[in-house]
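Take a look at the letters that make up each chain.
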Amino acid sequence: MSQVTRGMFLVGSPALRRLRAPSSISVRNLAAIGSQRKTAVPSIISKMAPTAVASSSGFQKAMKTTLSSLGIDKATGITKPTTIYRNLPYPEVFKHEEQNKEGEVTKNGTFCVSTGQFTGRSPKDKYFVKQAPSDKKLDWGKINKGVAPEVYKNIYEKAVKHYNTNVDKMYVFDGYCGTSPKSRKNVRIITELAWQHHFAKNMFIRPETEEEVANFVPDFTIINACKIVNDDYKELGLNSEVAVVFNVEESKAVITGTWYGGEMKKGIFSMMNYWLPLDGVMSMHCSANKGKDGDTALFFGLSGTGKTTLSADPARYLIGDDEHGWDEDGIFNFEGGCYAKTVNLSRDNEPEIYDAIKRDALLENVIIKENGEPDYADVSRTENTRVSYPIYHINNYEPSGMGDHPKSIVFLTCDAFGVLPPVSRLSPGQAMYHFLSGYTAKVAGTERGVTEPTPNFSAGFGAAFLTLHPTVYADLLQEKLDKHGTQCFLINTGWTGGGYGVGKRMSIKATRACVDAVLDGSINKTQFAKEPVFGFEVPQELPNVPSKVLNPREAWSDKASYDATRVKLADMFKNNFTKFVKPGMTDYTEYGPK
């Protein structure tokens, strides 16, 4: 059998020779790395069973197994690889990455890989098999695109054939998505690259012992066949040679043509967004933290709104930075790690993330200097440079990965039109309207052809991952708010005193003051006034926030211009919201701007 290694494909296969893979990279500083110790895992006392603890580092010794003993041969058709590595400990993963020459090692021992041509997700190449009964539940459209069962079969069989023909050794990660024992799902990730095994180990919940998963039965399996290129994609009716296809009924997904690790993470998140709401559990694209008294807060927001920064509060414990569920027991993290952007990262601007990048973390597409240090300012490969790391690399993480029912929910927006107040209190109906709107704005210069602020609406602050109709999530969130008395606020981290190019960005001090007032409840002790167009309540005074900033109209020198811009933004909200008004769906239009 011919060996297939990273950056090399079988001779005689034009499809495989036409590189979708990163080139091989030399490994640096190996002597220095060998002397470094593995990061210690904090000992914890938790109310949860060990299987649900997000802070576990996983198995402590390497375990070889067989396809038959894991049931993979019968479940998937993969029968030929002779060496199966299951849930490798971190030191062993590192050895495999080195031996396979899958990347390079930074000065402090962090492994760094290139994901090749694709340095981000490929949303236009994501599909669901269109078949009963899921076809009656999935929200079909640009986000959830359908393919026929025979198309899935074609791609799936290519992946299985690749493993049975070209792969001698493979990696299997068996773990969990979700720290809540009641609501979590068992996930199995099959890869032929050690670094993709590393990524799965970082991002999902790690079992502690082999005995714990002795009788492991996956709820969902991803087969990552990234080295496969679909030459016949046009005949199959696909967008490109890349295909990420989910079969809900068979509880499988197959990834071909792209090496990007985030496809595995967000793929399982999309499935959680399918399963959990159908069981009455809310799934959310948000960060979460909790205070020392146990009060939990959620932060929803699109890229650039400050979600990661504001939830990483040194005075509070981080539950998670990206994906969460809300069941009858409270909030729970889906993940066992974090996946952060590293562009222009420094210890000054993001100290928690900067210090989390050490042995067991995994850098993606970061340029490494000749001295072995990462160059986070170099975006020659991509601006979407990333790092994944186990959550216990953050000092003030919450070991259980869980929190009580939230006291407060914050919707973050970066309003580049300068219209919205820095903080507003929302009624439950208004919260649903703004949850479905998921508004922020792009500013001039961020994309070619953008000469003025443009609105960016993303339902649920994560439309790309919603598999059901957005109002399903809104209705479920409404039930949770009503039952637990959770308050919702809209916080604008964008512009004041005018739109982009005229006004100025909200100060971090003012934004933090608004967040602190929400979290400690002091905002409810002030007087509020109703905003005449959007209808939400605006506080009249808050410590460390100038009164004219609280009332954005007063911050504009040209009041008539503010009024016109406010009407313009309100009309954008109204036009966007028409897509949520459908027969049989709850209509929240009355809670939007007038």
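These figures come from a predicted structure and were not determined experimentally. (Residues numbered from 1 in each chain as written. Predicted model: local features only at pLDDT ≥ 70, side-chain atom pairs only at ≥ 80, totals over all residues. Heavy atoms only, no water.)

1. Notes on the packing of aromatic side chains
Now for step 1: Applying the stated rule across the entire model yields 30 aromatic pairs.
Now for step 2: Measuring from centroid to centroid gives 4.1 Å for Tyr433 and Phe577, while their planes differ by 20 degrees, and the two rings are stacked. Taken as a pair, Tyr433 in helix H12 (residues 428-437) and Phe577 in helix H17 (residues 559-577) lie far apart in primary sequence, 144 residues in all. Phe577 carries the same exposure label as Tyr433, and that label is buried.
Now for step 3: Taking 5.3 Å as the distance between ring centres and 75 degrees as the angle between the ring planes, the aromatic pair formed by Trp556 and Tyr562 counts as edge-to-face. (Phe/Tyr/Trp six-rings, centres within 6.5 Å; stacked < 30°, edge-to-face > 60°. Helix = DSSP H or I, 4+ residues; strand = E, 2+ residues; numbered from the N terminus. Buried < 20%, exposed > 50% of the residue type's maximum accessible area, 1.4 Å probe, protein only.)

2. Structural notes on the layout of surface pockets
Now for step 1: Its volume calculated, the second largest pocket comes out at about 340 Å³.
Now for step 2: Lining the second largest pocket are 18 residues, with Asp139, Lys142, Ile143, Pro470 and Lys579 sitting closest to its centre.
Now for step 3: Here the residues of the lining of the second largest pocket sort into nine nonpolar, five polar and four charged.
Now for step 4: Two domains each provide a minimum of three residues to the lining of the second largest pocket, namely domain 1 (63-393) and domain 2 (407-591). (1 Å grid on protein atoms, 1.4 Å probe; cavity = no way out; pocket = protein on both sides within 12 Å on 5 of 7 lines; lining within 4 Å. Points joined across faces, edges and corners; volume = space filled by probe spheres on them. Nonpolar A, V, L, I, M, F, W, Y, C, P; charged D, E, K, R; others polar. Domains from an automatic or database assignment.)

3. Quick notes on empty space enclosed by the protein
Now for step 1: Overall, the coordinates contain five cavities of 30 Å³ or more when judged by the stated rule.
Now for step 2: Elements supplying a minimum of two residues to the lining of the largest cavity: helix H10 (307-311), strand E18 (337-341) and helix H11 (351-356).
Now for step 3: Residues of the lining of the largest cavity, tallied by class, amount to seven nonpolar, two polar and three charged.
Now for step 4: As a volume, the second largest cavity reaches approximately 70 Å³.
Now for step 5: What lines the second largest cavity is simply Arg121, Ser122, Pro123, Lys126, Val244, Phe246, Glu263, Lys266, Gly267, Ser270 and Phe465.
Now for step 6: If you list the elements that add at least two residues to the lining of the second largest cavity, you get strand E10 (243-247) and helix H9 (262-278).
Now for step 7: Considering every element that reaches the lining of the second largest cavity, the biggest residue donor is H9, with four residues.

4. So, the sheet that holds strand E22 (residues 386-390)
Within a sheet, adjacent strands bond to each other through the backbone by hydrogen bonds, running parallel or antiparallel.
Now for step 1: Taken in spatial order, the five strands line up as E3-E4-E19-E22-E18 in an open sheet, and their pairing is mixed. A single partner strand is all that each edge strand has here, and the edge strands are strand E3 (104-105) and E18.
Now for step 2: Summarising the sheet, strand E4 (residues 111-113) and strand E19 (residues 362-364) pair through three bridges and their orientation is parallel. Each residue of the ladder has a partner; that of Val113, found in E19, is Glu364.
Now for step 3: Its contacts with the sheet put helix H5 (residues 90-99) on E3, E4, E19 and E22, and the angle it makes with E4 is roughly 45 degrees.
Now for step 4: Strand contacts of helix H7 (residues 194-203): E4, E18, E19 and E22, with the helix running at about 115 degrees to E19, the strand carrying the most contacts. (Pairing = 2+ DSSP bridges. Contact = heavy atoms within 4.5 Å. Axes fitted to C-alpha atoms, helices over the stretch in contact; angles between N-to-C directions.)

5. Points about unusual backbone geometry
Now for step 1: In this structure, the amide linkage connecting Ala132 to the following residue, Pro133, adopts the cis form with an omega of 0 degrees.
Now for step 2: In this fold, Pro133 is placed in the loop between strand E5 (126-129) and strand E6 (145-147).
Now for step 3: Within the chain, Ser251 stands out as a residue other than glycine whose phi angle is a positive 55 degrees.
Now for step 4: Take Ser251: its relative accessible area is 26%, and that puts it in the partly exposed class.
Now for step 5: Of note, Asn544 is a non-glycine position whose phi angle comes to about 70 degrees, a positive value.

6. Some words on the environment of Ser311
Now for step 1: Checked against the element boundaries, Ser311 lands in helix H10.
Now for step 2: Ser311 gets classed as buried once you look at its relative accessible area, which sits at 2%.
Now for step 3: Taking the C-alpha atoms as reference, Ser311 lies 9.6 Å from Cys286; in sequence the two are 25 residues apart.
Now for step 4: What Ser311 contacts, discounting residues up to four positions off in sequence, is Ser287, Asn289, Phe299 and Leu318.

7. Concerning H5
Now for step 1: Buried residues of H5: Tyr90, Val93, Phe94, His96, Glu97 and Glu98, and no others.
Now for step 2: At the exit of H5 stands Lys101, carrying a positive phi of roughly 55 degrees.

8. Observations concerning the pattern of salt bridges
Now for step 1: Counting across every chain of the model gives 24 salt bridges.
Now for step 2: Arg566 is paired through a salt bridge with Glu531; the nearest N and O atoms lie 2.8 Å apart. With Arg566 in helix H17 and Glu531 in the loop between strand E31 (528-530) and strand E32 (537-539), this residue pair connects regions lying 35 residues apart in the sequence. Of the two residues, Arg566 and Glu531, neither departs from the other in class, the shared state being buried.
Now for step 3: What you see here is one network of salt bridges that share partners, running through Lys265, Lys266, Lys307, Asp322, Glu323 and Glu335. (Salt bridge = Lys/Arg side-chain N within 4 Å of Asp/Glu carboxyl O.)

9. Observations regarding the sheet that holds strand E17 (residues 330-333)
Now for step 1: Taken in spatial order, the four strands make up an open sheet running E12-E16-E17-E23, and their pairing is antiparallel. With partners counted over all chains shown, the strands left at the sheet margins are strand E12 (282-285) and strand E23 (402-403), one partner each.
Now for step 2: Sheet topology note: the E17/E23 ladder contains two bridges and is antiparallel. Residue pairing across strands places Phe332 opposite Met402, the latter belonging to E23.
Now for step 3: Of the strands in this sheet, E12, strand E16 (323-327) and E17 touch H9, which is tilted by about 150 degrees from E12.

The analysis is restricted to geometry; functional conclusions fall outside its scope.
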